[in-house]
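Results of the structural survey
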Amino acid sequence: TGVTIDNLWCYISTTALLHLSFSERNMSMRLFVKVHARGQPAESYVISCKDARKTVGGLKRDVLGRKADLRKEPGEEYQLCLAGSDAILREDDSVGSVLRDGDHLCLCPAGSSPSQLSEPTLPSYGASVSQALGRLKTAEWLELDGNSLIIEDLMKVGNGQYRVKLSDAAIEAVKRSRKVVDDIVAANQVAYGITTGFGKFATVSIPQDKLIELQESIVRSHSAGVGGPLSPERTRRLLTLRINVLAKGYRRISIECGLV
C-alpha cells in the first residue's frame, strides 16, 4: 500500500498536534490572580483567557494592564506563580499546557514570592471617626424623602455637618410598601425571595420560622469586598445615598431594618 510505520506515526503525531492546537484555541479559561506589589495592599482580579495557546508572558501583560496603578521600581520585573506553592511559571509556556480553568495565581516582583511580601497595614480611621462623632452631636438634621437630596447636602453629610433622618412622608411610603410583604407572609403565599430561596433554590419553600434567617443570609452572602476600607466620609455618603433610595418606598424594606 506504500504506507510505512514511519509514515503512519508521522500522520498520527501530526493529527494529534492539530487536534491539540484546535482544542487549545477554542478553550476558554477563567483564572483568579492576586497581585502583590511592594508597599501596596494585594488586589485580586478575575482574568478570562479565551485562547489557551496564549503564553504565560501574554497573560502576565494582561494582568499588568488591569492593575493600572501598579507602582514599579525602574527596571523591576514581575512574575506569575501558582498560588500556594510559589512555583514560578515559564513565560514561554502556553496557558493551556500549564494551567487549568479556575486556577489561582499570584503576580509578584521577580525574585520574591507572595509568602515573602507582607502587606502594608491598612489605614486606621479611629481619630477621624471620633472627630466626626463629636461634630454629629451638634449637627443639624437633614430629612431624606427619596427625591430632594442634592450634591451639596450629600457632601456635608460626609463631613459630619448633617445628621440624616427620614421625612414623615418617606416613613409612610416605606410602611405601605412593607405591608405588601407582611400580607404575603401572613397569607403563606409563595413569593420569590420572600417565602422561597434564591436562584436555583427558587422552588424551595422556606418555613415561617426561617424567613428572617433567609434575609440575613442573602445579605451576608453579598457582604464581600477587596482592597482597603473606605474613609468614614465616603462611607457616610454611600450609606446616605442608599437610605435615600430606600426612602422612595419601593423596596419593601421595614422601618426597623432601616434603623438597624
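What this report covers is the structure whose coordinates are included nearby. Not measured: the values here are computed from a predicted model.

Cut-offs applied
Residues numbered from 1 in each chain as written. Predicted model: local features only at pLDDT ≥ 70, side-chain atom pairs only at ≥ 80, totals over all residues. Heavy atoms only, no water. Helix = DSSP H or I, 4+ residues; strand = E, 2+ residues; numbered from the N terminus. Buried < 20%, exposed > 50% of the residue type's maximum accessible area, 1.4 Å probe, protein only. Areas by Shrake-Rupley, 256 points an atom, 1.4 Å probe, with all protein chains shown as cover. Pairing = 2+ DSSP bridges. Expected span 1.5 Å × (residues − 1).

Okay, the overall build of the protein chain next. Regarding its fold elements, the protein chain presents 9 helices and 7 strands. Of all 260 residues assigned to the protein chain, the portion counted as buried reaches 30%. Accessible area of the protein chain: about 17300 Å², with a carbon and sulfur share of 56%.

Below, the discussion takes up the sheet that holds strand β5 (residues 104–109). Strands belonging to one sheet form pairs held by backbone hydrogen bonds; the direction of such a pair is parallel or antiparallel. Reading across from one edge, β2-β1-β5-β3-β4 is the order of the 5 strands in this open sheet, with mixed pairing throughout. Across the chains shown, the open sheet's two edge strands, defined by having one partner strand only, are β2 (43–49) and β4 (87–88). In terms of strand pairing, strand β1 (residues 29–35) meets β5 through 4 bridges, oriented parallel. Looking at β5, one finds that K34 is bridged to C106.

For helix α6 (residues 168–186), with 19 residues, the first-to-last C-alpha span of 26 Å sits near the 27 Å given by 1.5 Å per residue. Along α6, the positions that sit buried rather than exposed are A170, A173, V174, S177, V181, I184 and V185.

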